[in-house]
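Spelled out from the first residue to the last, the chains are:
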Amino acid sequence: MSNARSRIECVRGDLTLERVDAIVNAANEGLRGGGGVDGAIHRAAGPGLLAECIERYPGGCPTGEARITGGHDLAARYVIHAVGPVWRGGGEGEALMLASCFTNALAIAAESGLRTVAFPAISCGVYGYPHDEAARVSIAALVEGLESRPEIEARVVLFSEELLGVFADALG
Ligand code: APR
């Protein structure tokens with residue numbers, strides 16, 4: 001039985017301040033920045049982040065997938081931009097897309113030899129994903145992705161007490 005669940009921590013905080021190998025951005029398919037945590041990350045990283053996104057990923061990133069860039073002025077060394085699904089009632093494969101954001105971000109972290117990764121509550125803001133459902137899907141995908149990657153530790157950094165409670169419950 002792997003100790004994957006014990007390598008996940010749910011904390012209250014500001015993702016842009018995390019001193020980890022990579023923070024995961026809740027981006028959109030254009031990878032051109034936006035509001036929410038995407039906006040906070042671009043503000044903290046400085047203009048070099050947007051420039052790198054445009055340069056390296058002119059076509060953006062499809063929902064459910066992720067792309068890596070440098071961390072620029074952030075404390076984190078890298079940013080892994082994941083594009084979560086917009087919640088449309090649950091019948092359009094949203095759970096699968098949300099899970100694959102976490103699965104793909106962990107795969108990129110492993111390929112890049114990273115050891116510490118911090119996630120936001122992807123799709124739980126502007127994209128309207130119900131929080132308890134998102135927490136269940138996200139934690140399950142993290143546990144599964146960490147099972148075969150004993151070298152990686154993950155944090156979920158929640159911006160509200162409400163979301164911290166929901167994610168901590170899902171982690172059990
Ligand atoms: N640190 C951690 N979490 C944060 C921060 C922060 N600094 N700022 C916001 N959040 C939280 C939100 O409160 C929410 O719980 O991140 C979670 C994700 O919400 P959004 O940032 O709105 O992301 P999402 O719901 O995935 O929508 C993505 O919003 O900002 C645009 O460009 C982005 O189009 C994309 C869409």
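Refer to the preceding data block for the structure.
The structure contained in this document is the topic of the report that follows. (Residues numbered from 1 in each chain as written. Predicted model: local features only at pLDDT ≥ 70, side-chain atom pairs only at ≥ 80, totals over all residues. Heavy atoms only, no water.)

Here we look at the site of the ligand
Reasoning step 1: Near the ligand you find 22 residues, and of these G35, V37, D38, S123 and G125 are the closest.
Reasoning step 2: The contact in question runs from a nitrogen atom of the ligand to an N or O atom on the backbone of L15, over 2.9 Å.
Reasoning step 3: Contact distances for the ligand include 2.9 Å between an oxygen atom and a backbone N or O atom of V126.
Reasoning step 4: Coverage of the ligand by the protein chains reaches 89% of its 690 Å² of free accessible surface.
Reasoning step 5: Elements with a minimum of two residues in the shell around the ligand: β2 (22-27) and α1 (36-45). (Near = heavy atom within 4 Å. Polar contact = N/O pair within 3.5 Å; in protein donor to acceptor, adjacent residues only side chain to side chain. Areas by Shrake-Rupley, 256 points an atom, 1.4 Å probe, with all protein chains shown as cover. Helix = DSSP H or I, 4+ residues; strand = E, 2+ residues; numbered from the N terminus.)

Focus on the pattern of salt bridges
Reasoning step 1: A full pass over the atoms with the stated rule returns seven salt bridges.
Reasoning step 2: E18 is the partner of R155 in a salt bridge, and the nearest nitrogen-oxygen pair spans 2.7 Å. Remark: E18 occurs in the loop between β1 (8-12) and β2 and R155 occurs in strand β6 (residues 153-158); sequence separation between them is 137 residues.
Reasoning step 3: Among the residues examined, E18 registers a relative accessible area of 12% and is labelled buried.
Reasoning step 4: Here R136 and E133 are joined by a salt bridge, their closest N and O atoms 2.5 Å apart. Here R136 and its partner E133 are both found in helix α4 (residues 131-147), three residues apart, which amounts to about one turn of the helix.
Reasoning step 5: One continuous salt-bridge network, built from bridges that share partners, spans E9, E18 and R155. (Salt bridge = Lys/Arg side-chain N within 4 Å of Asp/Glu carboxyl O. Buried < 20%, exposed > 50% of the residue type's maximum accessible area, 1.4 Å probe, protein only.)

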